[in-house]
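Descriptive analysis of the structure
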Amino acid sequence: MRVQDLRNYGKGLMNSIPDPKDMGRLKKNGETVRMELRKELGVNGMEWLDMGLKRQMEGYRSYDWPGLRQHGLTNRRFINSIVQRIAMMKALVDLVGMERAVEIQCSLLDNTMYDLMAPIFPSIEDYRECGDFFTAFKEYSKASYDANIRAGLHEMEIVEDTASVLAFNIKYCAWHEVAREFGEPYLCYTSTCYGDEAYVPKALKGSGCIFRRTGTLATGAPVCDFRFEYVGDGGD
């Protein structure tokens, strides 16, 4: 198999489509999120959360998002999906406070992020069908990053690209930009960035590839750094 034939090659986050056979899995994932939130907040709390989300979304309904447009992001539907993610986190923080909201959200991502993302990206076995796992993984990843840049989602710089390492820094992120406009950049970490930490190690388990990160824009670092290091099968 060629890397170019892998699911959603070169499409990036905006245009990737889940495997149709996994749609039921995604629906169940959404139901799990609602169920877990209801367990944490109660029925009344869920109603307050929904009202808070609606209020947050209404506040930005007519906003033009100049920072996003300056970087080339003009797809209104995708912009709304980013805003809704950040707005949901803001509504949760307003309802239960930052500390408790972080606990709830990170627990949700730990329990659901893998099932949300796995239907979109190739599996370890898919990469291995292309030959060398890490070579295929790097080629696919770089094509995805390029698509995200073209879509205006990120500004990114590759800082190391060798036979055993792929490392890059994200210098601009659309999700961070929206959280910044909401007045709290950290909302991006709990709603979005932590999803990388919940998903990527699980997705790479058994591949011999290790994912490392030292900081994110949302937590005050100058960049979001991603480092993938291939240490050999069984080394993860």
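Please refer to the structure higher up on the page.
Note on numbering: residues in each chain are counted from 1, in written sequence order. Whole-chain, interface and lining totals are the exception, using all residues; otherwise, since this is a predicted model, local features are given only for residues with pLDDT of at least 70 and side-chain atom pairs are given and counted only at 80 or more. Computation of side-chain values: all heavy atoms of the structure, hydrogens and water removed.

**Here we look at the overall build of the protein**
- From N to C terminus, the protein includes 9 helices and 4 strands.
- Segments assigned H or I by DSSP are reported as helices when at least four residues long, segments assigned E as strands when at least two residues long, and all are numbered from the N terminus. The linear arrangement of helices and strands in the protein, starting from the amino end, is α-α-α-α-α-α-α-β-β-α-α-β-β.
- We compute the radius of gyration from the C-alpha atoms alone; for a globule the expected value is 2.2 Å times N to the 0.38, where N is the number of residues. In summary, the protein has a C-alpha radius of gyration of 18 Å against a globular reference of 18 Å for 236 residues, a match within 12%.
- Each of the three principal axes of the protein carries a C-alpha extent, and together these read 50 × 40 × 30 Å.
- Burial status follows relative accessibility: with a 1.4 Å probe on protein chains alone, a residue under 20% of its type maximum counts as buried, one over 50% as exposed, and anything between as partly exposed. Per-residue burial over the protein gives 48% buried out of 236 residues.

**Quick notes on the environment of M35**
- Relative to the helices and strands, M35 is located in helix α2 (residues 23–59).
- The sequence separation of M35 and R213 amounts to 178 residues, and the corresponding C-alpha distance is 31 Å.

**Thoughts on the packing of helix α4 (residues 76–96) against helix α8 (residues 174–181)**
- Axis separation between α4 and α8 bottoms out at 9 Å; the angle between their running directions is 55°. Between α4 and α8, the interaxial angle falls into the category oblique. The chirality of how α4 crosses α8 is right-handed. Here α4 contributes F78, I82, V83, R85 and I86 to the contact with α8, which in turn contributes A174, W175, V178 and A179.
- For this scheme, ten residues count as nonpolar: Ala, Val, Leu, Ile, Met, Phe, Trp, Tyr, Cys and Pro. Four count as charged, namely Asp, Glu, Lys and Arg, and the remainder, Gly too, count as polar. Here the residues of the contact of α4 with α8 are counted per class, giving 8 nonpolar, no polar and 1 charged. Angular values range over 0 to 180 degrees, each being the angle between N-to-C directions of two axes fitted as lines to C-alpha atoms, with helices fitted over their stretch in contact. Any angle between 65 and 115 degrees counts as roughly perpendicular, while under 35 counts as roughly parallel, over 145 as roughly antiparallel, and the rest as oblique. Left-handed is the label given to a crossing in which the near helix is rotated counterclockwise from the far helix by less than a right angle, and right-handed is the label when the rotation is clockwise. Contacts were defined at the residue level, with two residues in contact if any of their heavy atoms lie within 4.5 Å.

**As for the environment of Y172**
- Here Y172 is to be found in strand β2 (residues 165–173).
- Look past the residues within four positions of Y172 in its chain and what remains in contact with it is G67, L68, H71, G152, L153, H154, E155, E177 and L217.

These figures capture arrangement, not role.
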